[in-house]
Structure formats: structure tokens, C-alpha cells
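Chain by chain, the residues run as shown.
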Amino acid sequence: MNPLERYAPLVEDRTAFFAACKRPLPSVVRVNTINATPERAKQALDEEGVGYETVDWNPHILRLDERGPGTSWPYFHGWLHGQEEVSALPAIALDPQPGERIWDSCAAPGSKTTQLSAMMDDTGIVVGNDNNLGRLSALRHNAERLGVTNLAVTKQDGRNFSLKPFGFEAFDRAIVDAPCSCEGTIRKNPDTLEQWTLEHVHSVAAIQKGILSRAIQATRPGGTVVYSTCTFAPEENEAVVDHVLETEDCDIATFDCPLESVRGVTEWEDETYDSRVEQTHRIYPHLNDTGGFYCAKLEVTA
Amino acid sequence: MSDSETDLKSNVGQQFGRLPATPADRTVEGRVSRQEVLEFFDERFGIDSSVFEPYTFWEKGKGKIWIFAEDAPTPIRIEGLGMTVLRTRQEHWKPTHSAVQRFGHHANKNVIKLSADEAAHFAQGNDQELPAWDGDWGYLIATHELAGDWVPVGVGLYLYDELRSTVPKGNQEALSVL
């Protein structure tokens, strides 16, 4: 079975959904404001004759006309970073401030992590964690290339992450961009559906619950936690948020989603979820011509 | 060797240790001090020490110096802390490619300006004859003109009329001649 069929009943415009899933993604870059202003990055692209268009919802994100970002001077200088448009969303929802302490629980390969650093003017501390050494090396390489100096890299299981090395008690904010079934990346990785199984959905959902619970526990009262995935599976999205609303000291926080989105679902197969998950965001590929995505913002209450 | 020298601990490769403020504060054998790092960047490249004022400096692995935007407990056993900035255990200290890309625009000494053609060669990792340079030998910051300013391309090693590119393999790129 095509797993996309499983989620089609959730989507209003089924034809547009399937058509968008078949199209390749536009080539998108984020301006790394640690090293350059958007004006300078654009001037460099102009000098090189690379066409681009700034997206209408964020001044730092550019859609390139043709080639990938890896072969231009501004990319070489770490002024640009290839990052899918929709994947810029969780950092924007988190809204980290300069000087804060941030935990990125599943950081590699680091597009979101380095975006957090840039939003914080490369001050404070971003603890970028991942449990895979190979992926951590990609994170380290990207952070160096982008001139990030506020990143501390750890290799721990996010579900029982320890702050001990750092000598402080809690983070101001945390981001859980969780490992998931990834159907939302179908436009980038067409084979992603071949590996899809329902067993994996259930096993990865258990991991997601573990990491998100730890993120809430490791964040100070009044702090913010953002949960995101690139799957359409309610088991990995609303069900995970429903679980922590029940078991952890947190509440849903609203945010203005700068991309067109639809509300989280409260019913799926035999399950019903806390009505507050309606205030989380589902993004389907046809809504903004991006990948598929899910994003929830939580406030830590105690 | 004096008694105090033999008391120094040896460097532990798997952890980050904060650099001592001055050579007199040293507790780990062979570890350079913050003061010496700041003097190096000032004396070699004219980068004013105030540029580095907000940062802390760390060693992990022999002579591999990292720069971090915050402070942290020392020693700290994690995978990464900020960005690599300098290698100090050879006779001539070498700034890293990432350090020069990040902080090289503050330099006003030992900076070699490359033409569009030379910059493209350099970014690809190629060595080239540049006899016109009449400044110091050793590590230089190579720059080219982009978006209205001179921008660091990387670290070059200048010896016998030749500029060797030290752009790391993973960063080398075949780029257009602007």
C-alpha cells in the first residue's frame, strides 16, 4: 500500500496533495546571518548570475532558480545554507533569544541547529545532541562551515539526556525535531515510502514520546518546547503531543504559523486526542509547495 | 626542568580544557594560554584582542584550540565546544579555515588580495606561483572581492614565491571566476 493513501482522508484537496508529492522540491537556501546580511548574500548571488526569489514569508529564505547551493561563492563563504523551506519553521516557532540556553535534542545534520545559533546572534549556548556519531560529524562540519561558536555538541540518548556536563539545571527552550517516518520528505527522497511500515510508526512514536518528555522536564517553568516531524502520521504527531499533555507539566502554546497550515487532528482510527492539539500545525506539500511537516509549540508550566 | 614544570598534568585527548589566562596559570603540559592566542592573532594578522573578548578558548586533542561563545565548566567531556580556531603544537601556529572565514575580516596584516582567477584556484585547493607578494612568509589570510568588500577565502601558506592553499578537502569547491 502507498502510505500516502493512508493520510489522504485527512487532506481536503486529494488531487493537489498527490500531485505535489510527485513534484521535486525547489532548491532553497537560508542566509546565514552570522556571516552575512541578506543584502550581501543576494548581491553575491547577483554577481555570480544565480537567480533567486525571496520567499514571501521570511526575508532570510531564498528559492534558487536552478542549481543547488553547493557551487556558489556565497555558499563557499558560509553565507548560505541549503535548508528545505518548511524545515525553517520549528526554529521560528521556538523564537530563541540571544544569550539563552537552548537544547536541540535531535540536532544532526544541523540545519535547524545553526538556524537557532543565527537567531541568537551566535551568543548564549545551543546544546546540539544526537545519538549517531556519523550524523554528529555532519553537524560539526556544517556548524564550522557556518562559523557557529555557540554550539556545544553532545552524543547522548535524548530520552535520558543529562545536563551534568554543563553545570546548569535547565534550558530556556528546547526543540525536538524527532526521528520519524518521513513521508513528508517524499519530494526529496522518493524511496522513503519503500521503507515505511506500521511497526516502525509505532516503535518510533515510543521514542518520540520519550524524547519530548525529557525535553519538557529539562526546560525551566515558563520555557518553551517545540515538537516537529516530517511525517503525516497522527501516531507520531498529535498522539505524541496528547501523551505529554497528559503526563508532563505543559500546555499548548499558540503561534502564528507564517506558512499556510491546517489544524491538528483530534480523531484518528480508533483514537481521540486532547482537543488542544487542534492548535498544532499540519503542513501538506501542496499548501505552500514545500515538504510535508508537523509542528507543535508547548509551554512548560512547572 | 623545574619542579613546577614536572607537576604539570598531561593533556587528556577526550575532553575540553579551558586555556589558562596567562602562561603563569598553566596546569597542563604544553597547553598555550589565552593571552598567547590573543597575541598571536594580534601580532600575526593585526586582529585586535577586543574581537575575542566575549569568547572562551579550549584545548581538545594536542594543540587543537577551540573558540566558544560562552563559558563552561572545565574540563568538560563532550563532542564539540564552539568552533576550531587554531593549531598550536607545531613551530608555526596555524589558524583554521573556519576561524579565518569567521574572524578574518578583522585582519589588516599578512592579508594577501587575490584576483578573481587566483581566488577560484585557491578555493579549489590548488597551489600557485605568486611572486608579487613581498611580505612575510608563512601563513597568510587570502581574500578576494565579493559583494563590495574583501572577503577571506581561507588560509594560505606562502613559501618560495608560491601560495599553497590549505582549504580543507571537504570545503574545496570549483567556483566561477567572478
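Read on for an overview of the structure.

Calculation criteria
- Residue positions are given per chain, counting from 1 as you read along its sequence in written order.
- Labels are handed out in written order, letters beginning with A for the chains and numbers beginning with 1 for the ligands.
- Local features in this predicted model are restricted to residues whose pLDDT is 70 or higher, and side-chain atom pairs enter the listing and the counts only when it is 80 or higher, whereas totals over whole chains, interfaces and linings include all residues.
- Heavy atoms from the whole structure form the basis of all side-chain values; hydrogens and water molecules are not counted.
- Pairing between strands is defined by DSSP: at least two bridges between the two strands are required.
- Each helix is a run of DSSP H or I of at least 4 residues and each strand a run of E of at least 2, with the numbering of both proceeding from the N terminus.
- We call two residues in contact whenever any of their non-hydrogen atoms come within 4.5 Å of each other.
- Lines fitted to the C-alpha atoms define the axes, with helices restricted to the stretch that makes contact. Angles between their N-to-C directions range from 0 to 180 degrees.
- Cavities and pockets were defined on a 1 Å grid built over protein atoms only: a cavity is a set of grid points that admits a 1.4 Å probe from which the probe cannot escape, a pocket is an open set flanked by protein on both sides within 12 Å along at least five of seven lines, and lining residues are those with an atom within 4 Å of any such point.
- Grid points are joined across faces, edges and corners, and a volume is the space filled by probe spheres set on the points.
- Note on residue classes: Ala, Val, Leu, Ile, Met, Phe, Trp, Tyr, Cys and Pro are nonpolar, Asp, Glu, Lys and Arg are charged, and everything else, Gly too, is polar.
- Burial classes follow relative accessibility: with a 1.4 Å probe on protein chains only, a residue under 20% of its type's maximum area counts as buried, one over 50% as exposed, and anything between as partly exposed.
- Crossovers are marked right-handed if the path from the first strand over the helix to the second runs clockwise, as seen with the strands pointing away from the viewer.

## Here we look at the sheet that holds strand β7 (residues 111–113) of chain B
Residues and elements named next belong to chain B.
Phase 1: Across the sheet, which stays open at both edges, the 5 strands sit in the order β7-β9-β10-β11-β8 with mixed pairing between neighbours. This sheet does not close on itself; its edge strands, each paired only once, are β7 and β8 (128–129).
Phase 2: Bridging between β8 and strand β11 (residues 162–165) involves 2 bridges; their strand directions are antiparallel. Pairing of Gln 128 across the sheet is with Leu 163, part of β11.
Phase 3: Packing against the sheet, helix α4 (residues 116–123) makes contact with β7, β8, β9 (138–146), β10 (149–159) and β11, and its axis sits at approximately 65° to β10.

## Remarks on the layout of surface pockets
Residue and element names in this part refer to chain A.
Phase 1: Counted as a void, the largest pocket has a volume near 1000 Å³.
Phase 2: Taken together, 48 residues line the largest pocket, and the ones lying closest to its centre are Ala 108, Pro 109, Lys 112, Arg 135 and Asp 177.
Phase 3: Those elements giving two or more residues to the lining of the largest pocket turn out to be β1 (27–31), β4 (80–82), α6 (111–119), α7 (133–145) and α8 (198–217).
Phase 4: Of the residues assigned to the lining of the largest pocket, the class counts are 18 nonpolar, 21 polar and 9 charged.

## What to know about the pairing of strand β6 (residues 125–129) of chain A
Residues and elements named next belong to chain A.
Phase 1: Across the 5 residues of β6, 5 count as buried, placing the element largely inside the fold.
Phase 2: Regarding topology, α6 serves as the crossover connection from strand β5 (residues 101–104) to the parallel β6, and that connection is right-handed.
Phase 3: Bridge analysis of β6 against strand β7 (residues 151–154) gives 4 bridges, and the strand direction is parallel. The partner of Asn 129 across the bridge, within β7, is Thr 154.
Phase 4: Where the polypeptide runs from β6 across α7 and back to β7, its parallel neighbour, the crossover connection is right-handed.

## Let's talk about the pairing of strand β15 (residues 293–300) of chain A
All names here are of chain A.
Phase 1: The buried fraction of β15 is high, at 7 of 8 residues.
Phase 2: Here strand β9 (residues 219–229) pairs with β15 via 6 bridges, running antiparallel. Looking across to β15, one finds that Thr 224 is bridged to Glu 299.
Phase 3: Direction of pairing for strand β10 (residues 250–252) relative to β15: antiparallel, over a ladder of 3 bridges. Bridge pairing links Ile 252 to Leu 298 in β15.
Phase 4: Relative to β15, strand β14 (residues 281–283) runs antiparallel, the two being bridged by 3 bridges. By the bridge assignment, His 281 is partnered in β15 with Cys 295.

Treat this as a map of the structure, not an account of what it does.
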